Amino acid sequence: MICPCEKKGETSVVDSRPTEDGTAIRRRRMCVCGERFTTFERIQFRELMVVKKKREKISI
Ligand SMILES: [Zn+2]
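This text gives an overview of the structure that appears in the document. No experiment lies behind these values; they were computed from the predicted model shown.

This part takes up the overall build of the protein chain. In terms of regular secondary structure, the protein chain is built from one helix and three strands. Across the protein chain, helices and strands are ordered from the amino to the carboxyl terminus as β-β-β-α. A total accessible area of about 5,700 Å² is found for the protein chain, and carbon and sulfur atoms account for 52% of it.

Shown next as structure tokens:
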């Protein structure tokens, strides 16, 4: 993953652990610029994608 900083530096994972309910993985990342941020890795089922499309149609 690339850091959102102006340098767009490559980031490395400092720490990685599951969330309390275990449905996602939380990763702490650090960029060469010194910026630190967290990313979440979640499961996305097809059903959820369908629901999202329906919602988009309603909003139009
Ligand atoms: Zn950076």
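Next, the rest of the story.
On to the coordination of the zinc ion, then. Taken together, Cys3 (SG), Cys5 (SG), Cys31 (SG) and Cys33 (SG) make up the full set of protein donors to the zinc ion, lying 2.2 to 2.4 Å away. Metal-centred angles of 94 to 132° between the four donor atoms at the zinc ion mark the site as tetrahedral. Summarised as a motif, the one-chain spacing of the donors to the zinc ion is C-x1-C-x25-C-x1-C. One end of the pair, cysteine 5, is in the segment before β1 (11–18); the other, cysteine 33, is in the loop between β2 (24–31) and β3 (36–42), with 28 residues separating them in the sequence. The class for cysteine 33 is partly exposed, based on a relative accessible area of 32%.

Ordered by their spatial adjacency, three strands build an open sheet running β1-β2-β3, and the pairing between neighbours is antiparallel. In the strand order of this sheet, the two ends are held by β1 and β3, each with one partner. Direction aside, the axes of adjacent strands within the sheet are offset by 25° on average. In this structure, β1 lies alongside β2, joined through seven bridges in antiparallel fashion.

On to the pairing of β3. Bridging between β2 and β3 involves seven bridges; their strand directions are antiparallel. Its bridge partner lying in β3, arginine 28 is registered against threonine 38.

In this section: the pattern of salt bridges. Side chains that differ in sign of charge can pair as their charged atoms come close. In total, this model carries two salt bridges according to the counting rule given. Taking the shortest distance from any N to any O, the salt bridge between aspartate 15 and arginine 17 comes out at 3.0 Å. A residue is classified by how much of its surface remains accessible, and arginine 17, at 49% relative accessible area, is partly exposed. Glutamate 41 is the partner of arginine 27 in a salt bridge, and the nearest nitrogen-oxygen pair spans 2.5 Å. Of this pair, arginine 27 sits in strand β2 while glutamate 41 is found in strand β3, placing the two residues 14 residues apart along the sequence.

Calculation rules
Residues numbered from 1 in each chain as written. Predicted model: local features only at pLDDT ≥ 70, side-chain atom pairs only at ≥ 80, totals over all residues. Heavy atoms only, no water. Helix = DSSP H or I, 4+ residues; strand = E, 2+ residues; numbered from the N terminus. Areas by Shrake-Rupley, 256 points an atom, 1.4 Å probe, with all protein chains shown as cover. Donors = N, O, S within 2.8 Å, 3.2 Å for Na, K, Ca; no water. Tetrahedral: all angles 85-135°; square planar, octahedral: opposite > 155°, others 65-115°. Buried < 20%, exposed > 50% of the residue type's maximum accessible area, 1.4 Å probe, protein only. Pairing = 2+ DSSP bridges. Axes fitted to C-alpha atoms, helices over the stretch in contact; angles between N-to-C directions. Salt bridge = Lys/Arg side-chain N within 4 Å of Asp/Glu carboxyl O.

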